[in-house]
Structures are given as C-alpha cells and as structure tokens.
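Working through the structure, step by step
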Amino acid sequence: MKPTVSFGIVGLGLMGKEFAASVARWCHLVDSPVRPEIVAICDNHADLFPWYKDHFPTITQATTEYRELLQNPAVEIVYCAVPHHLHEEFYCGALNAGKHLMGEKPFGIDKKANDRINETMAQHPELFVRCTSQFPFLPAVQRIADLLTAGSFGRLLEVNCGFKHSSDLDPNKPINWKRMIEMNGEYGCMGDLGLHVCHVPFRAGWAIRNVRAILSNIVAERPDSQKRMVACRTWDNATLFCEACEQERPEEPFPLTMKMQRIAPGEKNSWYLEILGTKTCARFSTKNPKLLQLLHYQGGEQIWQNIDMGSETAFKTNTGAIFEQGFSDAILQMWAAFLYEFHHKKPLKPFAGCVTPQEAALSHDLFTAALESQRQQKTVALASAPERER
C-alpha cells in the first residue's frame, strides 16, 4: 500500500471539485510514489459539503471557518482555491500553521500581497509551496517542452501564447467575483488567466525586458443577482507585447506576445502556444488537443508536420497511448507532478513541475508593469529585467 498524504481543501467550487475528482482517479496513475487523501474541507457555503462527504468517506472535518481547518493536525497539505483578495490572508495563514501549500493563481491579488506571501514563505523554508497551471501537462505541450529542453529551436524568432474565453461577450451575463475589482484585483483578466499563459515562457527561462500593454474594459456594466446594473471595472482583455530573451543569449532578443482575453468571440477556454525558431517551429492549441504542428528545418523545403498526439504523458497512466487527453487528464497530471516533487524533492523533468512561487512573482512583475504601461500609454521596463548587452 502506498503511503498517503492528507489534504485539506479550502474553497469547494469548481477547482476544488476537480482536485477531488483527481484524488478519486489516483489509481489511474501507474507509479505515483504516494496517494492523496482528503481529510478536511472548508467553504463558507455549507451546502457544498454533502457532495464531498458522499464521495470521500475519508473526510472527518467540514467547517465554514478556514482557521479551524488549519488547526487540524491531520492536515499535511492545504489546497486553497479562493478568490484573489483572500490569497494573502489564507496562504500566509496556511504557511504559519505549518502546512504545505498548493495555491491558485495569481498567488496574491497584487504585487504587495504576493510579496507578503513570499516573505512568509521565506520564514518556513521547510514547507513545499506551488501554484496551479495545468495546460503544460497536455501531451503536445510536453513534446514541445522536450524540444525546448534539448535546445532544438535554434535562435528564437518569435513566441505567441495566450488563453481566450468568449462567455463574457454576452453583456447580460451576471457579474461574478472575477469581474469585481475588489475581489479579482486591478489585474483583471491577467490575474485570472495570466499564469496559464506565462507558465511555459517562465519555465523556459526567458527573461522579459519590457512590455507594452493594451488593456480593454469592454463591458462596463453587468447585472447583479437582483438584475440591477452595476459597474464592472476589471480588464476584460489584455494583449502584452514584450521584448524577451533567453537568459544565456541576452544579445538575441525576440518578440513575445501574450494574450489573455475573456471576450474573444467563438473561443471556449482556448489555450495556445506558438514558438518559431531558426531550426524548429511548433504550434499547439487546445481547440484541437490532439494536433501538434512541427517544422524542422535543415535546409531545403520548409514543411509543417501535423502529428496526432495520444496519451503520451509525463506521468504514466493506465490509458493507452492511442487515446486522446482532456482537461481532467491535465489536472490529474498536474497533481501527480505536485506530489512527485513533494516526495522526491525535485520535478520529474524541467517542464513536468507545477508553477513555483518564484515564477508567480515574475508574473506580478509583468502584470504590474503592464498596468503602468496602460496608464502611461508607453513601453515599460520590468524591474527584474536583465541588463541589455551592447
């Protein structure tokens, strides 16, 4: 029997249920060193408790007070999936209670909150802390990641990546916390979608020197639960034009364009990545999750290949390699990566690891500079950018 690791979940909404479903499917993984077990749950909506209790008899604590869960000695790791304005209080509380932590993006409502979380984390170096982002665990992205690790792209010419939704195109869609600046934060769509877009560039070690941001608040009012029109003050769409470079090649900058959009007509949770290099190019989008497009150039014809990807995952499962992958499979892979690194003290391979707190901090540097770029209507240098070689 594999050893168990006990979890408490704070925030029982969509992503809490996705994690719980991954726990239920854990036997699907072939060689995970440990097995997660949910022992405690917390949400201010007690009507969410029955679903968890009905499906997970290991739960011995259900509370509406997160501090009670943090005081539970049976809880080793806390998964905290709460709105952004609660990140600083809840994450710091978990760390000060001696709990390992998996947090949701953006890891603090703003840079000040993120700095406070990182300061608290530095006081507890014995604790394992990571942030969620599942899309790099899709098989096609893992194949691209292996090419990046091998240095197969040559000199980078251009990178385009993004995450797009379309549901907010409906002006009558009721407002929720992600459209309230008090709960979501000034970053708007960047705070909610941005780390998904930044995960591969940051893990690749690309340094962003500067950003010119174009931010759009398209639907300024939405109906609330009482059908009254209320202000919607968060950014709906963000396009970030960045100058980036590989850290070992600062003399070879390249354009990196990131798009985070909640109003992208026809798009339904579309995450994409395009990397163009002098030796290899790659394209992938979740609009066609089996399709990986590659171009390898060694002179002569320049030919794009269309490759069907199956369940060729970083963490092996019982699913045959000929079958396709989906969202819940990527979530399972992400949690497998979290517990693999928790157990082994290192990731399976560079791109088979969850977002680190250091990478989350880089996203705050970028999004803070993007807000300043929008205010000044000009390109803004990042404080963390490397010096340009002349």
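Presented here is an overview of the structure given in this document. Keep in mind the model is a prediction, meaning the values are calculated, not measured.

Focus on the packing of helix H1 (residues 14-24) against helix H9 (residues 327-344)
Packing of H1 against H9 brings their axes to within 9 Å, and their N-to-C directions diverge by 75°. When the axis of H1 is compared with that of H9, the two are roughly perpendicular. On H9, the residues that touch Met 15, Glu 18, Phe 19 and Ser 22 of H1 are Phe 327, Ser 328, Ile 331, Leu 332 and Trp 335. Taken together, the residues of the contact of H1 with H9 sort by class into six nonpolar, two polar and one charged.

Digging into the pattern of salt bridges
For the coordinates displayed, the defined rule picks out 25 salt bridges. One salt bridge in this structure joins Lys 111 and Asp 365, with 3.8 Å as the shortest N-O distance. Placement of the pair is Lys 111 in helix H5 (residues 111-122) and Asp 365 in helix H10 (residues 357-376), with a sequence separation of 254 residues. Across the salt bridge formed by Arg 249 and Glu 246, the nearest N and O atoms sit 3.5 Å from each other. Each of the salt bridges in this network shares a partner with another, and the network as a whole consists of Glu 104, Lys 105, Lys 178, Asp 192 and Arg 262.

A look at the pairing of strand S7 (residues 156-164)
Counting buried positions along S7 yields seven of nine residues, so the element is predominantly enclosed. Relative to strand S13 (residues 270-277), S7 runs antiparallel, the two being bridged by eight bridges. When the bridges of S13 are listed, Val 159 appears paired with Ile 275. Pairing of S7 with strand S12 (residues 254-261), which is carried by six bridges, proceeds in the parallel orientation. Considered in S12, the bridge of Asn 160 is made with Thr 257.

Cut-offs and rules
- Each chain carries its own residue numbering, running from 1 in the direction its sequence is written.
- Thresholds applied to this predicted model are a pLDDT of at least 70 for local features of residues and 80 or more for the giving and counting of side-chain atom pairs; totals over whole chains, interfaces and linings are not thresholded and use all residues.
- Side-chain numbers come from the whole structure's heavy atoms, not from hydrogens or water.
- Lines fitted to C-alpha atoms define the axes here, with helix axes fitted over just the stretch in contact, and angles between the N-to-C directions of these axes take values from 0 to 180 degrees.
- Each helix corresponds to a stretch of at least 4 residues labelled H or I by DSSP, and each strand to a stretch of at least 2 residues labelled E; elements are numbered beginning at the N terminus.
- What sets the label is the angle itself: under 35 degrees gives roughly parallel, over 145 gives roughly antiparallel, 65 to 115 gives roughly perpendicular, and the rest give oblique.
- Note on definitions: a residue-residue contact is assigned when non-hydrogen atoms from the two residues lie within 4.5 Å.
- Charged means Asp, Glu, Lys or Arg here, nonpolar means Ala, Val, Leu, Ile, Met, Phe, Trp, Tyr, Cys or Pro, and polar covers whatever is left, Gly included.
- Salt bridge, as used here: a side-chain nitrogen of Lys or Arg that lies within 4 Å of a carboxyl oxygen of Asp or Glu.
- Whether a residue is buried, partly exposed or exposed follows from its accessible area with a 1.4 Å probe, protein chains only, as a fraction of its type maximum: under 20%, in between, or over 50%, in that order.
- DSSP-based pairing: two strands are paired if at least 2 bridges between them are found.

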